[in-house]
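Summary of the model geometry
This is what each chain is made of:
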Amino acid sequence: MNPGSPIRLIHTALASLLILTGMMQACKSPDTAAQIESLEADFRRLEEAPPDSAARMRQVAMQLAALYEAFADERPKDPRTPAYLMKSASHYLMDQANPAKPIEVCDRVIREFPDSQEAAEALFQKAFIYNNTLRNLDQAKTAYEEFLRRYPEHPLSASAESELATLGMTEEQLLRRLLGDTLRQEEVPAE
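Residues numbered from 1 in each chain as written. Predicted model: local features only at pLDDT ≥ 70, side-chain atom pairs only at ≥ 80, totals over all residues. Heavy atoms only, no water.

1. Structural notes on the nonpolar core
- By size, the foremost hydrophobic cluster in this structure holds 28 residues, and its most contacted members are Leu85, Ala122, Leu123, Tyr144, Phe147, Tyr151 and Ala160.
- Contributing elements (two or more residues each) for this core: α2 (54-74), α3 (81-92), α4 (101-112), α5 (117-132) and α6 (137-150).
- Once residues lying within four places of it in the same chain are set aside, the contact partners of Tyr151 are Pro114, Ala119, Ala120, Leu123 and Ser157.
- Of all hydrophobic cores here, the second largest spans 13 residues; its members include Leu39, Phe43, Val60 and Leu67. (Core = buried A, V, L, I, M, F, W, Y, C linked by side-chain atoms within 4.5 Å. Buried < 20%, exposed > 50% of the residue type's maximum accessible area, 1.4 Å probe, protein only. Helix = DSSP H or I, 4+ residues; strand = E, 2+ residues; numbered from the N terminus. Contact = heavy atoms within 4.5 Å.)

2. Things to note about the pattern of salt bridges
- Here the structure, examined in full by the defined rule, presents 12 salt bridges.
- For Asp73, the salt bridge goes to Arg108, with nearest N and O atoms at 2.8 Å. Placement of the pair is Asp73 in helix α2 and Arg108 in helix α4, with a sequence separation of 35 residues.
- Each of Asp73, Arg108, Arg111 and Glu112 takes part in salt bridges that share partners, so that together they form one network. (Salt bridge = Lys/Arg side-chain N within 4 Å of Asp/Glu carboxyl O.)

3. Here we look at the confidence of the model for the protein chain
- When pLDDT is averaged along the protein chain, the result is 82; 79% of the residues meet or exceed 70.
- Under a pLDDT of 50 for its full length, residues 11-29 has, in the predicted model, 5 contacts with residues more than four places off or in other chains. (pLDDT = per-residue confidence, 0-100.)

4. Focus: the environment of Arg80
- Structurally, the position occupied by Arg80 is in the loop between α2 and α3.
- The spacing of Arg80 and Tyr68 is 12 residues in sequence and 9.7 Å in space, taken between C-alpha atoms.
- Those residues in contact with Arg80 that sit more than four places away from it in its chain are Ala33, Phe71 and Arg75.

5. Remarks on the packing of aromatic side chains
- All chains considered together, the criterion is met by 6 aromatic pairs.
- Ring centres of Tyr68 and Tyr84 lie 5.0 Å apart, and the angle between their planes is 35 degrees; on these two criteria the pair is classed as tilted. Of this pair, Tyr68 sits in helix α2 while Tyr84 is found in helix α3, placing the two residues 16 residues apart along the sequence. Accessibility assignment for this pair places Tyr68 and Tyr84 in one class, buried.
- Both rings, one in Phe71 and one in Tyr84, keep their centres 4.9 Å apart while their planes meet at 75 degrees; by these two values the pair is edge-to-face. Placement of the pair is Phe71 in helix α2 and Tyr84 in helix α3, with a sequence separation of 13 residues. (Phe/Tyr/Trp six-rings, centres within 6.5 Å; stacked < 30°, edge-to-face > 60°.)

6. Quick notes on α3
- Given a rise of 1.5 Å per residue, 12 residues ought to cover 16 Å, and the 16 Å separating the end C-alpha atoms of α3 matches this to within 8%.
- The element α3 is largely enclosed, with a buried count of 9 among its 12 residues.
- Within the sequence span of α3, burial applies to Thr81, Pro82, Tyr84, Leu85, Met86, Ser88, Ala89, His91 and Tyr92. (Expected span 1.5 Å × (residues − 1).)

7. Looking at the environment of Pro102
- With respect to the helices and strands, Pro102 occurs in helix α4.
- The class for Pro102 is buried, based on a relative accessible area of 0%.

8. Considering the packing of α2 against α3
- One way to put it is that α2 packs onto α3 with a least axis distance of 8 Å and a crossing angle of 150 degrees. As far as their axial angle goes, α3 and α2 are roughly antiparallel. Read as a crossing pair, α2 and α3 show a hand that is left-handed. In this structure, α2 contributes Ala61, Met62, Leu64, Ala65, Ala66, Tyr68, Glu69, Phe71 and Ala72 to the contact, and α3 contributes Thr81, Tyr84, Leu85, Lys87, Ser88, His91 and Tyr92.
- Per-class residue counts for the contact of α2 with α3 are 11 nonpolar, 3 polar and 2 charged. (Axes fitted to C-alpha atoms, helices over the stretch in contact; angles between N-to-C directions. Parallel < 35°, antiparallel > 145°, perpendicular 65-115°, else oblique. Left-handed = near helix turned anticlockwise from the far one by under 90°. Nonpolar A, V, L, I, M, F, W, Y, C, P; charged D, E, K, R; others polar.)

9. A look at the packing of α2 against α4
- Running from N to C, α2 and α4 point in directions that differ by 25 degrees, and their axes come no closer than 13 Å. Between α2 and α4, the angle falls in the class roughly parallel. Note on packing geometry: the crossing formed by α2 with α4 is left-handed. Residues Glu69, Ala72 and Asp73 of α2 form the contact with α4, whose participating residues are Lys101, Val105 and Arg108.

This is the structure we're talking about:
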């Protein structure tokens, strides 16, 4: 090929474009990580702010949730990715307009990082959201049972068992159960 030929110029342009795209992609992640650090600092300040800051806090939480997901998309192999996705799911819980979004993120953690510590937490959180936010008791039961089957020795196993045992109970029923358990524990055997 002639160094000045149109085909050679096209190949050079394509190679340059690929290199530039790779450089831009490599630069994106540190920028996202820097944005995350900055917004996390804002969020921490808002947590200590007066209650009238709730709307701003929710706004920052949604921005953070989106950035955590963007980071996961950009750097799926980064060791911080599963934890960032779990933070994303937690922040999405503040978005009452889309209560299923945290479950979507939990499912992503379970699917993409099945051997991570976050996968167990994601499955438990998914069950908890089904139970306490969405009030979908069938899905909650399925998720809690799956959690116990996969992670019987996990520190959250006792909580999962308790959630299963009280699934669908009203506040009054829960209170009666709690009081009954407390009274039984306080009974002293007669000597």
